[in-house]
Amino acid sequence: MDDDYVDGSIDCGSDKLRIHRYYFPWGTKSIAYSLIRGVRRVNMGALTGRGRIWGTGNPRYWANLDAARPKKTAGLILDVGGYVKPFITPSHIDEVESILREKAHLAPGGEATGGPLL
């Protein structure tokens, strides 16, 4: 499978998104682009993502393991139709958001909003 984007944590392949280190202890979550209903870009603060390296304090979201997250300022929340929404922080967020919107046939994104408590 050819990958459009790879950063060690996130792989955007030809037919699906792979989120590495999502499940304990190191499992990968695969999401077909056809299942992605929405992508929301959020700004992160100490309680809204930057302080959360893995997991969640909010049962509506789940963040994969990303030791570099405290140095990042924005993340993506994916609506995949379930109660829990994956929260990802790719190294090149603009590129990943663009790939996801194109492959999932979603409208262009708007301004980043405040993130949820994580």
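Source: prediction; values computed, not measured.

(A) Layout of the nonpolar core. One finds L17 and L100 to be the most contacted residues of the largest nonpolar core, which totals 19 residues. At the level of elements, β2 (10-13), β3 (16-23), β7 (74-79) and α2 (93-103) are the ones that each hand at least two residues to this core. Element by element, the count of residues in this core is highest for α2, at four residues. Within the second largest apolar cluster, seven residues are counted, among which are V42, A63, F87 and L118.

(B) Up close: the pattern of salt bridges. As enumerated under the stated definition, the model contains seven salt bridges in all. A salt bridge links R18 to D11, with the nearest nitrogen and oxygen atoms 3.3 Å apart. Residue class for D11 comes out buried when judged on its relative accessible area of 8%. Via salt bridges that share partners, R41, D94, E97 and R101 belong to a single interconnected network.

(C) Representation of the sheet that holds strand β5 (residues 38-43) within the structure. With mixed pairing, the five strands of this open sheet are ordered in space as β6-β8-β7-β5-β9. Each end of this open sheet is capped by a strand with a single partner; those strands are β6 (61-63) and β9 (113-114). The pairing of β5 with β7 spans six bridges and is classified as antiparallel. The residue of β7 that forms the bridge with V42 is G75. The sheet contacts of α2 involve β5, β7 and β8 (85-88), and relative to β7 the element is tilted by about 15 degrees.

(D) Local environment of the sheet that holds strand β4 (residues 27-32). Pairing in this open sheet of four strands is antiparallel, and the strands run β1-β2-β3-β4 from one edge to the other. Strand pairing shows two members of the sheet lacking a second neighbour, β1 (3-6) and β4, which therefore form its edges. Sheet twist, expressed as the average angle between the axes of neighbouring strands with direction ignored, equals 20 degrees. Bridge analysis of β1 against β2 gives three bridges, and the strand direction is antiparallel. Of the residues in β2, the one forming a bridge with Y5 is C12.

Criteria and cut-off values
Residues numbered from 1 in each chain as written. Predicted model: local features only at pLDDT ≥ 70, side-chain atom pairs only at ≥ 80, totals over all residues. Heavy atoms only, no water. Core = buried A, V, L, I, M, F, W, Y, C linked by side-chain atoms within 4.5 Å. Buried < 20%, exposed > 50% of the residue type's maximum accessible area, 1.4 Å probe, protein only. Helix = DSSP H or I, 4+ residues; strand = E, 2+ residues; numbered from the N terminus. Salt bridge = Lys/Arg side-chain N within 4 Å of Asp/Glu carboxyl O. Pairing = 2+ DSSP bridges. Contact = heavy atoms within 4.5 Å. Axes fitted to C-alpha atoms, helices over the stretch in contact; angles between N-to-C directions.

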